[in-house]
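Results of the structural survey
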Protein chains: 2
Amino acid sequence: MAATVTPLRRKGPPSLDPMIGLVAADMNQVNSVILARMQSDVPLIPELAGHLIAGGGKRMRPMLTLACARLLDYQGTRHHKLAAAVEFIHTATLLHDDVVDGSGLRRGRRTANIIWGNSASVLVGDFLFSRSFELMVEDGSLRVLRILSNASAVIAEGEVNQLTAQRRIETSEERYLDIIGAKTAALFAAACKIAAVVAERSETEEAALDAYGRNLGIAFQLVDDAIDYVSDAGTMGKDAGDDFREGKMTLPVILAYARGDAAARAFWKDAIAGHRTSDEDFAEAIRLVQASRSVDDTLARARHYGQRAIDALGGFATGAAKDAMIEAVEFAVARAY
Amino acid sequence: MAATVTPLRRKGPPSLDPMIGLVAADMNQVNSVILARMQSDVPLIPELAGHLIAGGGKRMRPMLTLACARLLDYQGTRHHKLAAAVEFIHTATLLHDDVVDGSGLRRGRRTANIIWGNSASVLVGDFLFSRSFELMVEDGSLRVLRILSNASAVIAEGEVNQLTAQRRIETSEERYLDIIGAKTAALFAAACKIAAVVAERSETEEAALDAYGRNLGIAFQLVDDAIDYVSDAGTMGKDAGDDFREGKMTLPVILAYARGDAAARAFWKDAIAGHRTSDEDFAEAIRLVQASRSVDDTLARARHYGQRAIDALGGFATGAAKDAMIEAVEFAVARAY
């Protein structure tokens, strides 16, 4: 672990393509595991799971496992099964999230709960979650099992925390960070850390990859939450204003409320309580968020965590893997522009 | 492993009390683990989980783990944590089941989904499920992890299978047995089998306890499904006629439909499709089920599996543990009378 971060001089906006290219061959293996392990004698399971899994997701989390393994020059194949396990945990979470949020659109397609109903989504989510543990058990590392079972519990805790904060205007930035640290960043961190475990690296390196993933995850979620107030369904692949109409206390709202005058505060109280759900109300919300620079500053927070993610890689040798991992962070925080 | 089954000569109806007494001290330890491990900084989690966990369940599955450990004269304490893990898996399943079925009553109390909503039930279920894996990982046995992660996947598969069979009058007895073998018996089997693993017994003994649990689980579910057509909410602690109104193809219905004349078959087709949900319709369903001896024969099937459960214990030494385990089976199949 001896290297320096070389500032990149690249043409054009940052892209995920270098990371996608870096792990392409490995990702084919992961996709084979995913396809094989979502099968079942009960036809609805592969049908429903396949809709989401084949539905054009970026496979961000398994990609991180694979990229970290490349960074560490890991030569084995254990990470393929484990990356699939990570994706199954994520997919199970998405299925349950869409039920919880009553979402109708994800990645630009109708959600499974809309097509097959909430019950099927809950149960197939449970199946994928169980399958992810079967995959980990087959790998046989108790350390990996500990990391991922803990991440799963933390995710669920974060989701319940988010549910409890919903429609509560007094939610603080600190609580919001707790929530996204749990519901999003915990799995990013675990996905990265397990690469160090299979590569049998030091605890320092495990911790560095954990920090990379965790900070990237926080940045990623901050940008996602910002996008909900600048974008429409076409560009983000989910229903525009979903967070707003569901009364989710994301950072743009927390900042806009904190910075708002009496009229703005009254608006947010009403809106988060669920009394302002029209298109005009959402337009007003966007106006208030922009006027208070709340989206800009949410994105500034994202850049802060993105920089911490990049700095967490300081100890690793420069090369294609590290360059790709840095550019992935830059891509994540630049998405909203 | 050398012993014979001595027919019991007991006064009064069979009871679960001997098994409850047998494991009472161990169950206190299990309850401590359960209470400690359902805690969270997010208050809704212990609140919701506690409602169901403290809600007067029999703790049948962890009790089986403890009873089997006693049967094997296991002297350690590992089974306490693992029995708690088994109960968490079961609790998570119940929380999700009640969402899937839209149930309003369980064990004579309002269900969590009615009190806190479906979203909270889904997410707290996920949390408990993750916690169960954390407990298993702490125990550290990959064999136990394999048994219980596989059981979890099979349970979820069975639940999806049941969902797909719902409102399908053509569901066969074979498919019904597949479903209850997965959704109920798999966890009974696993709960028993892991006792043999922690006690480091032979594969023969593992398989015998697996068979005991599996057959008991099938018998247990058959009786549960029979009770839905002989009882009311007061005696069974759930809404009377729930299965009927949800269009669940349980064995009493499968037999009554197979044995019915044209009029009865027309009734069942209508009812299972969801067009007969009144109290009068349910009364007619009970009449048809009784007239075709479908409940009696469902209970006869239960006794068949109960006997297989008892015979699976043939190789174990006679004693208080074995007696209690046999009487628990007799109790399970006698519940409907």
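Residues numbered from 1 in each chain as written. Chains lettered and ligands numbered in written order. Predicted model: local features only at pLDDT ≥ 70, side-chain atom pairs only at ≥ 80, totals over all residues. Heavy atoms only, no water.

**As for the overall build of chain A**
Keep this limit in mind: Numbering goes from the N terminus for both helices and strands, where a helix is a DSSP run of H or I of at least four residues and a strand is a run of E of at least two. Values of the radius of gyration come from C-alpha atoms, whereas the globule rule sets the reference at 2.2 Å times the count of residues to the power 0.38. The rule is simple: take the accessible area with a 1.4 Å probe, protein chains only, and divide by the maximum for that residue type; under 20% is buried, over 50% is exposed, in between is partly exposed. Here, residues are in contact when the closest pair of their heavy atoms is within 4.5 Å. Surface accessibility follows the Shrake-Rupley procedure with a 1.4 Å probe radius. Residue values consider only the protein chains on display as shielding.
The helix and strand tally for chain A stands at 17 helices and two strands. Against the compact-globule benchmark of 20 Å for 337 residues, chain A has a radius of gyration of 20 Å, which places it among compact chains. Across its three principal axes, chain A shows a C-alpha extent of roughly 60 × 50 × 35 Å. With 337 residues in all, chain A has 60% of them scored as buried. Of the contacts formed within chain A by residues at least 6 apart in sequence, a portion of 77% connects residues at least 24 apart. Accessible area for chain A stands at about 12700 Å²; split by element, carbon and sulfur atoms hold 49% of it.

**Describing helix H9 (residues 173–198) of chain B**
Residue and element names in this part refer to chain B. Using the following cut-off: What a helix should span is 1.5 Å times the count of its residues minus one. Values of bend correspond, residue by residue, to the angle between axes fitted over the seven residues ending at that residue and the seven starting there.
Compared with the 38 Å implied by 1.5 Å per residue over 26 residues, the 36 Å span of H9 between its first and last C-alpha is a close match. The axis of H9 is deflected most strongly, by about 50 degrees, at Ala-185. The element H9 is largely enclosed, with a buried count of 22 among its 26 residues. Just downstream of H9 lies Glu-200, where phi reads positive at about 55 degrees.

**Describing the confidence of the model for chain A**
Put simply, the rule is: Scored from 0 to 100, pLDDT records how confident the predictor is in each individual residue.
Scored by pLDDT, chain A has a mean of 93; 93% of the residues are at 70 or more. Scored as a complex, the prediction yields pTM 0.93 and ipTM 0.92.

**Here we look at the interface of chain B and chain A**
What counts here: Once two parts are brought into contact, the accessible area they lose, counted with a 1.4 Å probe and summed over both, makes up the buried area. What makes a salt bridge here is a side-chain nitrogen of Lys or Arg within 4 Å of a carboxyl oxygen of Asp or Glu, nothing more. Distance and chemistry together define a polar contact, namely a pair of N or O atoms within 3.5 Å, with one atom able to donate a hydrogen and the other to accept it when in protein, and with adjacent residues in sequence counting only for side-chain atoms on both sides.
Opposite the 35 residues of chain B that make contact, chain A presents 35 residues. With both sides pooled, the region where chain B packs onto chain A buries about 3300 Å², and carbon together with sulfur makes up 74% of that total. Along the contact surface separating chain B from chain A lie zero salt bridges. Between the two partners, chain B and chain A, sit 11 residue pairs in polar contact (both at pLDDT 80 or more).

**Digging into the pattern of salt bridges**
All names here are of chain A. For the structure on display, the rule yields 40 salt bridges over all chains. Notably, a salt bridge pairs Glu-170 with Arg-168, separated by 3.3 Å at the nearest N-O pair. Salt-bridge contacts for Glu-284 lead to Arg-287; the nearest nitrogen and oxygen are separated by 3.1 Å. Taken as a pair, Glu-284 and Arg-287 lie in helix H15 (residues 279–291) at a separation of three residues, close to a single helical turn. One salt-bridge network, held together by shared partners, links Arg-37, Lys-81 and Glu-138.

**Looking at the environment of Glu134(B)**
Checked against the element boundaries, Glu134(B) lands in helix H7 (residues 118–139). For the pair Glu134(B) and Asn150(B), spaced 16 residues apart in sequence, the C-alpha to C-alpha distance is 16 Å. Those residues in contact with Glu134(B) that lie beyond four places of it in its chain are Ser149(A), Asn150(A) and Ala153(A). A polar contact is formed between the side chain of Glu134(B) and the side chain of Asn150(A), at a distance of 2.9 Å.

**A word on the packing of helix H10 (residues 203–227) of chain A against helix H16 (residues 294–312) of chain A**
Each packed pair of helices is defined by two parameters, the angle between the axes and the distance between the axes. Residues and elements named next belong to chain A. As a reminder, the rule being used: Only C-alpha atoms enter the line fits that serve as axes; for helices the fit covers just the stretch in contact. Angles between N-to-C directions range over 0 to 180 degrees. Angle categories: roughly parallel below 35 degrees, roughly antiparallel above 145, roughly perpendicular from 65 to 115, and oblique for all the rest. Crossing chirality is assigned from the near helix's rotation relative to the far helix, an anticlockwise turn below a right angle marking it left-handed and a clockwise turn marking it right-handed. All residues other than Ala, Val, Leu, Ile, Met, Phe, Trp, Tyr, Cys, Pro, Asp, Glu, Lys and Arg, Gly among them, are scored as polar; the first ten of these are nonpolar and the last four charged.
At their nearest, the axes of H10 and H16 sit 8 Å apart, and the two run at 165 degrees to each other. In terms of orientation, H10 and H16 fall into the roughly antiparallel class. For H10 against H16, the interelement crossing comes out left-handed. For the pair formed by H10 and H16, the contact residues are Ala-208, Ala-211, Tyr-212, Asn-215, Leu-216, Ile-218, Ala-219, Leu-222, Val-223 and Ala-226 on the first element and Val-295, Thr-298, Leu-299, Arg-301, Ala-302, Tyr-305, Gly-306, Arg-308, Ala-309 and Ala-312 on the second. A per-class count over the contact of H10 with H16 returns 15 nonpolar, three polar and two charged.

**Quick notes on the relation of the copies chain B and chain A**
Put simply, the rule reads: In this comparison the copies share one frame, found by least squares on the C-alpha atoms of residues holding pLDDT of at least 70 in both.
Mapping chain B onto chain A is achieved by rotating through 180 degrees and translating by 0.0 Å along the same axis, at an RMSD of 0.0 Å. In short, the pair behaves as if placed about a two-fold rotation axis. In this assembly the copies share their binding face: 100% of the residues contributing to the interface of chain B also contribute to that of chain A.

**Some remarks on the nonpolar core**
The tendency in soluble globular proteins is for nonpolar side chains to be buried side by side. Note the following rule: Put simply, a nonpolar core is a bunch of buried Ala, Val, Leu, Ile, Met, Phe, Trp, Tyr and Cys residues held in one set by side-chain atoms that sit within 4.5 Å of each other.
Counting residues in hydrophobic clusters, the biggest one holds 172 residues, and the most contacted among them are Leu209(A), Tyr212(A), Leu209(B) and Tyr212(B). With sequence-adjacent residues up to four places away left out, Tyr212(B) is seen in contact with Met19(B), Leu64(B), Cys192(B), Ala309(B), Ala312(B), Leu313(B), Met325(B), Ala328(B) and Val329(B).

**A short note on the side chain of Ser15(A)**
Residues and elements named next belong to chain A. With respect to the element layout, Ser-15 can be found in the segment before helix H1 (17–22). Within polar-contact distance, the side chain of Ser-15 engages the backbone nitrogen of Asp-17 at 2.8 Å. In this view, Ser-15 contacts Glu-327 and Phe-331; residues no more than four positions away in its chain are not counted.

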